[in-house]
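Spelled out from the first residue to the last, the chains are:
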Amino acid sequence: PVSPDLPLAQRVAEFCSQRARLLELIGPAARAARIREPFSAQLRRNRSWYISKVRTEIENLFAAELDAAGEGRTELLDAFIITCTSSPWSMLRDDLGMTVDQATGVMARTVGALLGIERASISFA
């Protein structure tokens, strides 16, 4: 796990790198599951579990920033989730033909923008 004690730009970079690795790993299975989801209660439960897990990870890692959003907390959290899950990743990789590095950069730019930090301050090791 990424430490919530790291500076914000470093947390964003490490979180996005970690998400990219995971999304690359689960990509084929996620695409196949999406096709069968309407016909499978278990696949729908699996997707709900996955989203809940991502939500919890984001809430733990970016707790201070989410709390600072006040009444906009839920909206910010939802924006995070739609930025860092398999559907947008698939669009970046499959539909737009981006490399993993390019797609990770887009994710980092989006997460950074949600948190009010410049993309230039997010560096990947």
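Residues numbered from 1 in each chain as written. Predicted model: local features only at pLDDT ≥ 70, side-chain atom pairs only at ≥ 80, totals over all residues. Heavy atoms only, no water.

### A look at the overall build of the chain
- Within the chain, the regular secondary structure consists of six helices and zero strands.
- Reading the helices (α) and strands (β) of the chain from amino to carboxyl end gives α-α-α-α-α-α.
- For the chain, whose C-alpha radius of gyration is 15 Å, the value lies close to the compact-globule estimate of 14 Å for 125 residues.
- Over its C-alpha atoms, taken along the principal directions, the chain stretches across nearly 40 × 35 × 25 Å.
- A fraction of 61% describes how many contacts in the chain between residues 6 or more apart in sequence connect residues 24 or more apart.
- Total accessible area on the chain stands at roughly 7400 Å², and carbon and sulfur atoms take up 56% of it.
- Each charge class in the chain was averaged separately, 15 positive and 15 negative side chains, and the resulting centres sit 9 Å apart. (Helix = DSSP H or I, 4+ residues; strand = E, 2+ residues; numbered from the N terminus. Rg over C-alpha atoms; globule rule 2.2 N^0.38 Å. Contact = heavy atoms within 4.5 Å. Areas by Shrake-Rupley, 256 points an atom, 1.4 Å probe, with all protein chains shown as cover. Lys, Arg positive; Asp, Glu negative; His and termini not counted. Charge placed at Lys NZ, Arg CZ, Asp CG, Glu CD.)

### Points about the nonpolar core
- In this structure, Val12, Ile58, Phe62, Phe80 and Val111 are the most contacted members of the largest nonpolar core, which totals 30 residues.
- Breaking this core down by element, the ones donating at least two residues are helix H1 (8-36), helix H2 (41-61), helix H4 (73-83), helix H5 (86-95) and helix H6 (100-115).
- Sorting elements by how many residues they give to this core places H1 first, with eight residues.
- The contacts of Ile58, once residues within four sequence positions are left out, are Phe15, Ala63, Leu66, Leu77, Phe80 and Ile81. (Core = buried A, V, L, I, M, F, W, Y, C linked by side-chain atoms within 4.5 Å. Buried < 20%, exposed > 50% of the residue type's maximum accessible area, 1.4 Å probe, protein only.)

### Comments concerning the pattern of salt bridges
- Under the defined criterion, the tally for this structure stands at eight salt bridges.
- Among the ionic pairs, Glu65 bridges to Arg11, the shortest N-O distance being 2.7 Å. Remark: Arg11 occurs in helix H1 and Glu65 occurs in helix H3 (residues 63-68); sequence separation between them is 54 residues.
- In this structure Arg11 comes out as buried when scored by relative accessible area, which is 6%.
- A salt bridge links Arg19 to Glu57; the shortest N-O distance between them is 4.0 Å. Of this pair, Arg19 sits in helix H1 while Glu57 is found in helix H2, placing the two residues 38 residues apart along the sequence.
- With relative accessibility at 2%, the residue Arg19 sits in the buried group.
- Judged by its relative accessible area of 26%, Glu57 is partly exposed. (Salt bridge = Lys/Arg side-chain N within 4 Å of Asp/Glu carboxyl O.)

### Things to note about the packing of H1 against H2
- Between H1 and H2, the least distance of the axes is 12 Å, while the angle of their chain directions is 175°. Classified by the angle their axes make, H1 and H2 are roughly antiparallel. Between H1 and H2, the contacting residues are Arg11, Phe15, Gln18, Arg19, Leu23, Ile26, Ala33, Arg34 and Arg36 on the first element and Leu43, Arg47, Tyr50, Val54, Glu57, Ile58 and Leu61 on the second.
- Residues that form the contact of H1 with H2 fall into these classes: nine nonpolar, one polar and six charged. (Axes fitted to C-alpha atoms, helices over the stretch in contact; angles between N-to-C directions. Parallel < 35°, antiparallel > 145°, perpendicular 65-115°, else oblique. Nonpolar A, V, L, I, M, F, W, Y, C, P; charged D, E, K, R; others polar.)

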